[in-house]
Amino acid sequence: MLGHSHSTSGVLTWGAATAAAPVAWWSDLLSHQKLTPADIVLGTFATAGAALLPDLDHPDGSIAHFLGPVSHQFCRLVEKISGGHRHATHSFLFVALVTFGTWEGAHHWGRPFVLAMMYILLSLAVRALHLCPPGKGIHSWGVVVIIAAVGTFATYQYLPANPAWLPAAVGLGALTHLGGDCITKEGCPLFWPVKMRFEIPLIKRTGNKFETAFLTPLFAVAGIALLVMAVRNPR
């Protein structure tokens, strides 16, 4: 799937979780506190960005340039470590690692880690949702850097030192990515290092009309509708 499709599907997943997940689940996760509208909005962008994390193994993708040469070189490193595109990072193990890693980072390092994580997730979301000029040059990633920095600064007062919803948003986003890639003909090795791939090839070719003209708009519209419901009736 295209990065734009992954990101909008992340919005849909977060919208569904905030609008339909049992109140008791959120209550336990947030230590008997409610999700605020600010939590819901910030979680939307966090999940939209996290829905791109598995593709950090793809240095040839446009998403690899979301922070210019720095992110490109990082993606090349991830590609080598993970065994190539759609290998280790496209598994349940990766989802568990980024979810637990986010929880650990927020728990031990507090606000500095949370702000850094939000900056990265906002950068990914800005790039994937086409909120910056297209391309791989500084005219594109420079805008991403600026928008993500402004967004992170603007959210400073709304982010606690350890927002309990952040690991959930990261995990849901990464898991949603796997679901999206499993409906393509390449599939995903969900139980890596077991090499068997799982696929239901509804999308025969990445970026075809079924994806761009039907699935992506559906994800976006349904996600926004669910988020409106969630804001009106917070869990």
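Everything quoted here is computed from the prediction, not taken from an experiment. (Residues numbered from 1 in each chain as written. Predicted model: local features only at pLDDT ≥ 70, side-chain atom pairs only at ≥ 80, totals over all residues. Heavy atoms only, no water.)

Novice: What is the right way to look at the packing of helix H3 (residues 37-50) against helix H8 (residues 165-181) in this model?
Specialist: Packed helices, taken two at a time, are described by the angle their axes make and the gap between the axes. At their nearest, the axes of H3 and H8 sit 7 Å apart, and the two run at 35° to each other. Crossing geometry of H3 relative to H8 is assigned as right-handed. Contacts between H3 and H8 pair Asp-39, Leu-42, Gly-43, Ala-46, Thr-47 and Ala-50 from the former with Trp-165, Leu-166, Ala-169, Val-170, Leu-172, Gly-173 and Ala-174 from the latter. (Axes fitted to C-alpha atoms, helices over the stretch in contact; angles between N-to-C directions. Helix = DSSP H or I, 4+ residues; strand = E, 2+ residues; numbered from the N terminus. Left-handed = near helix turned anticlockwise from the far one by under 90°. Contact = heavy atoms within 4.5 Å.)

Novice: Please explain unusual backbone geometry as it appears in this structure.
Specialist: Across residues other than glycine, the phi torsion is negative in most instances, and most of the peptide bonds are trans. With an omega of 20°, the peptide bond running from Trp-192 to Pro-193 counts as cis. Within the secondary structure, Pro-193 sits in the loop between H8 and helix H9 (209-232). Phi is positive for Arg-86, which is not a glycine, with a value near 60°. Counting through the fold element by element, Arg-86 comes out in the loop between helix H4 (69-82) and helix H5 (92-109). A positive phi is found at His-130, a non-glycine position, where the angle reads about 60°. Owing to a relative accessible area of 56%, His-130 belongs among the exposed residues under this scheme. (Buried < 20%, exposed > 50% of the residue type's maximum accessible area, 1.4 Å probe, protein only.)

Novice: Hey, could you run me through the nonpolar core in this one?
Specialist: One broad trend across soluble globular proteins is that nonpolar side chains are buried collectively. Ranked by internal contacts, the top residues of the largest apolar core, which has 51 residues, are Trp-26, Leu-53, Met-118, Leu-121, Trp-165, Leu-166 and Val-170. For this core, the secondary structure elements donating two or more residues are helix H1 (3-20), H3, H4, H5, helix H6 (111-128), H8 and H9. The element that contributes the greatest number of residues to this core is H6, accounting for 10 residues. Here Leu-53 is in contact with Phe-94, Leu-121, Leu-124 and Val-170, once residues within four sequence places are set aside. Listed in part, the 5 residues of the second largest apolar core include Met-1, Ile-183, Leu-215 and Phe-219. (Core = buried A, V, L, I, M, F, W, Y, C linked by side-chain atoms within 4.5 Å.)

Novice: Please explain a nonpolar patch on the surface as it appears in this structure.
Specialist: Where nonpolar side chains cluster on the molecular surface, the patch consists of Phe-92, Leu-175, Phe-191, Val-194 and Met-196 and spans about 470 Å² of accessible area. Tracing the backbone through its elements, the reader meets Leu-175 in helix H8. Since its relative accessible area comes to 39%, Leu-175 is described here as partly exposed. (Patch = residues over 30% accessible without salt bridge, like charges linked within 9 Å, V, L, I, M, F, W, Y side chains within 5 Å. Areas by Shrake-Rupley, 256 points an atom, 1.4 Å probe, with all protein chains shown as cover. Salt bridge = Lys/Arg side-chain N within 4 Å of Asp/Glu carboxyl O.)

Novice: In this structure, what is going on with the side chain of Arg-127? I would like to understand it.
Specialist: With respect to the element layout, Arg-127 can be found in helix H6. Among buried charged residues, Arg-127 stands out as having no salt bridge; its nearest opposite-charge side chain is Asp-55, 11 Å away. Discounting residues that sit within four places of it in the chain, Arg-127 has contacts with Ser-62, Ile-63, His-65, Phe-66, Cys-132, Pro-133, Gly-135, Lys-136 and Ser-140. (Lys, Arg positive; Asp, Glu negative; His and termini not counted.)

Novice: Can you help me understand the state of the cysteines in this one?
Specialist: Two cysteines, two sulfur atoms, one covalent bond between them: this is a disulfide. All chains considered together, the criterion is met by 0 disulfides. No disulfide involves Cys-188; its sulfur sits 4.1 Å from that of Cys-182, the nearest cysteine. For Cys-188, a relative accessible area of 0% corresponds to the buried category. (Disulfide = S-S within 2.5 Å.)

Novice: Quick question: what am I supposed to make of the pattern of salt bridges here?
Specialist: Side-chain pairs of opposite charge can arise whenever the charged atoms involved come near each other. All told, the structure shown has 2 salt bridges when counted by the stated rule. With a closest N to O distance of 3.2 Å, Arg-86 and Asp-181 form a salt bridge. Here Arg-86 is found in the loop between H4 and H5, whereas its partner Asp-181 is found in helix H8, with 95 residues between them in sequence. A salt bridge links Glu-186 to Arg-86, with the nearest nitrogen and oxygen atoms 3.7 Å apart.

Novice: Would you mind showing me how to read the environment of Leu-2 here?
Specialist: Of note, Leu-2 is situated in the segment before H1. Taking the relative accessible area as the measure of exposure, Leu-2 reaches 34% and is therefore partly exposed. Here the alpha-carbon distance between Leu-2 and Leu-52, two residues 50 residues apart in the chain, equals 9.7 Å.

Novice: How should I be thinking about H9 in this particular structure?
Specialist: In an α-helix there are 3.6 residues to a turn, and that puts residues three or four apart on one side. The terminal C-alpha atoms of H9, which comprises 24 residues, lie 34 Å apart, in line with the 34 Å expected from a rise of 1.5 Å per residue. For H9, the principal kink sits at Leu-215 and spans about 30°; a proline, Pro-217, occurs within the next four residues. Among the residues making up H9, those that are buried are Glu-211, Leu-215, Thr-216, Phe-219, Gly-223, Leu-227 and Ala-230. Residues of H9 that are buried make contact with H1 and H3. (Expected span 1.5 Å × (residues − 1). Bend = angle between axes of the 7 residues up to and from the residue.)

Novice: When you look at the packing of aromatic side chains in this model, what are you seeing that I'm missing?
Specialist: Two measures describe an aromatic ring pair: the distance that separates the ring centres and the angle between the ring planes. Applying the stated criterion across every chain yields a total of 6 aromatic pairs. Each member of the aromatic cluster is reached from another via a ring pair, and the members are Phe-92, Phe-191 and Phe-198. Stacked on the ring of Tyr-156, the Lys or Arg Arg-111 has its end atom at 4.7 Å from the ring centre. (Phe/Tyr/Trp six-rings, centres within 6.5 Å; stacked < 30°, edge-to-face > 60°. Lys NZ or Arg CZ within 6 Å of the ring centre and 35° of its normal.)

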